[in-house]
Amino acid sequence: DGHGDGHGGGHGDGDGRGDYDNRSINSYGNINEPNEVLNVKKVKHFKLKKFKSHLDYCKTTRNVTLLKYHDLALIINVIQISVIIVSTAITFFETIRDEANISDDSQRLITVSLSTYIALVVAISRFLKFDEKKEHFSKLSEKWNQIINKMRGMQHEVESLDSYNLSPGEMKTHIYKILDPKYRENISVIDNDTDNLLNMNEKTYYRNMLMNMRLDDQILDRHDTLFCVYKRLQNTFGFASN
């Protein structure tokens, strides 16, 4: 990454940031700790920052592939259920033909129409390769899951490093050993596989869907927080329930 060694005040990591952003000082721990400890914590914080952004990207892309997988599964289920229903209808009309006084021409027309529907939807399904695409997205989401699990393990190892027994330079050395650069190559390979299966319109559509789902989740969390506050305040003297 072209980072400095962080000595003497924690200098920047090659991206033009310069000195570490003191606005995030509260995230490093006790501001009254020795400068050396704070500098070590800053190193850990900024090294993990980019890594976490890569991890978030993997999670988002994995969720996009899962949404596409579930859409394909829904289409396949609809086709299969409709074929079952239509096949049952054909058998039903053949069974009641004599009792219902259905003419041979009407019976033939109904049977041919329903059989044509079955042949048509099955042919369309095979032509568009819904089953194959579903299998591809299933394997693709599993690949994303594997790399996400590995990256979570790497993140946990870095977060577990003791900031009190290491210098900034030693902290960077340990982090470089844990955050194997090969993970970026793995992301690139799986990302190319994803691009081959999803076009830009589909990516945009599913990312918008994910964003709306996150907004809904945040709204629910907010409502839950407000409800908990309301329950706590109910027993407060002079609290207006409205």
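Residues numbered from 1 in each chain as written. Predicted model: local features only at pLDDT ≥ 70, side-chain atom pairs only at ≥ 80, totals over all residues. Heavy atoms only, no water.

Concerning the overall build of the protein chain
When helices and strands are tallied, the protein chain shows 6 helices and 0 strands. In sequence order, the protein chain lays out its α and β elements as α-α-α-α-α-α. Looking at the protein chain alone, contacts between residues at least 24 apart form 73% of all its contacts between residues at least 6 apart. (Helix = DSSP H or I, 4+ residues; strand = E, 2+ residues; numbered from the N terminus. Contact = heavy atoms within 4.5 Å.)

Notes on the packing of aromatic side chains
Going through the model one piece at a time under the given rule, you end up with 3 aromatic pairs. When the ring of F92 is compared with that of F93, the centres are 5.7 Å apart and the planes differ by 65 degrees; the resulting orientation is edge-to-face. Owing to a relative accessible area of 47%, F92 belongs among the partly exposed residues under this scheme. (Phe/Tyr/Trp six-rings, centres within 6.5 Å; stacked < 30°, edge-to-face > 60°. Buried < 20%, exposed > 50% of the residue type's maximum accessible area, 1.4 Å probe, protein only.)

Examining the pattern of salt bridges
Under the counting rule described, the total for this entry stands at 5 salt bridges. Where E202 meets K68, a salt bridge forms, and the shortest distance between an N and an O atom there is 2.7 Å. With E202 in helix α6 (residues 200–233) and K68 in helix α1 (residues 35–96), the pair connects residues that are 134 residues apart, well separated along the chain. Judged by relative accessible area, K68 falls into the buried class, the value being 14%. D193 is the salt-bridge partner of K143, the closest N and O atoms lying 3.6 Å from each other. One end of the pair, K143, is in helix α3 (residues 130–159); the other, D193, is in helix α5 (residues 182–197), and 50 residues separate them in sequence. A residue is classified by how much of its surface remains accessible, and K143, at 38% relative accessible area, is partly exposed. (Salt bridge = Lys/Arg side-chain N within 4 Å of Asp/Glu carboxyl O.)

A look at the confidence of the model for the protein chain
For the protein chain, per-residue confidence averages 82 on the pLDDT scale, and residues scoring 70 or more make up 83% of the total. The secondary structure element of the protein chain with the lowest average pLDDT is helix α4 (residues 168–178), at 83, and the one with the highest is α3, at 93. The low-confidence segment residues 1–27, where pLDDT is below 50, has 44 contacts with residues more than four positions distant or belonging to other chains. (pLDDT = per-residue confidence, 0-100.)

Description of the environment of S113
Mapped onto the elements, S113 comes out in helix α2 (residues 104–128). For S113, a relative accessible area of 41% gives the class partly exposed. Between the alpha carbons of S113 and I90 there is a distance of 9.6 Å; along the sequence they are 23 residues apart.

Brief notes about a nonpolar patch on the surface
Residues L120, I124, F127 and L128 make up a contiguous nonpolar surface patch of about 410 Å² in total accessible area. When you line up the elements, L128 lands in helix α2. (Patch = residues over 30% accessible without salt bridge, like charges linked within 9 Å, V, L, I, M, F, W, Y side chains within 5 Å. Areas by Shrake-Rupley, 256 points an atom, 1.4 Å probe, with all protein chains shown as cover.)

Some thoughts on α2
With 25 residues, α2 extends 36 Å between its outermost C-alpha atoms, agreeing within 8% with the 36 Å of an ideal straight helix rising 1.5 Å per residue. After α2 finishes, the residue K129 shows a positive phi value of roughly 55 degrees. (Expected span 1.5 Å × (residues − 1).)

Things to note about the nonpolar core
Note that soluble globular proteins tend to have their nonpolar side chains buried in a common cluster. I147 and M151 are the most contacted members of the largest nonpolar core, which has 38 residues in total. Counting only elements with at least two residues in this core, the list comes to α1, α2, α3, α4, α5 and α6. The leading source of residues in this core is α1, at 14 residues. (Core = buried A, V, L, I, M, F, W, Y, C linked by side-chain atoms within 4.5 Å.)

Side note on unusual backbone geometry
Glycine aside, a negative phi is what most residues show, and trans is what most peptide bonds show. With a phi angle near 55 degrees, K129 is a residue other than glycine that sits in the positive phi range. For K129, the position within the fold is in the loop between α2 and α3.

Describing a negative patch on the surface
Residues D216, D217, D221 and D224 make up a contiguous surface patch of negative charge. Inspection of the secondary structure assignment puts D217 in helix α6. (Lys, Arg positive; Asp, Glu negative; His and termini not counted. Charge placed at Lys NZ, Arg CZ, Asp CG, Glu CD.)

Regarding the side chain of D191
One can find D191 in helix α5. Among buried Asp, Glu, Lys and Arg side chains, D191 stands out as unpaired, with K203 the closest opposite charge at 4.9 Å. Setting aside residues up to four positions removed in sequence, D191 forms contacts with Y57, T61 and W144.

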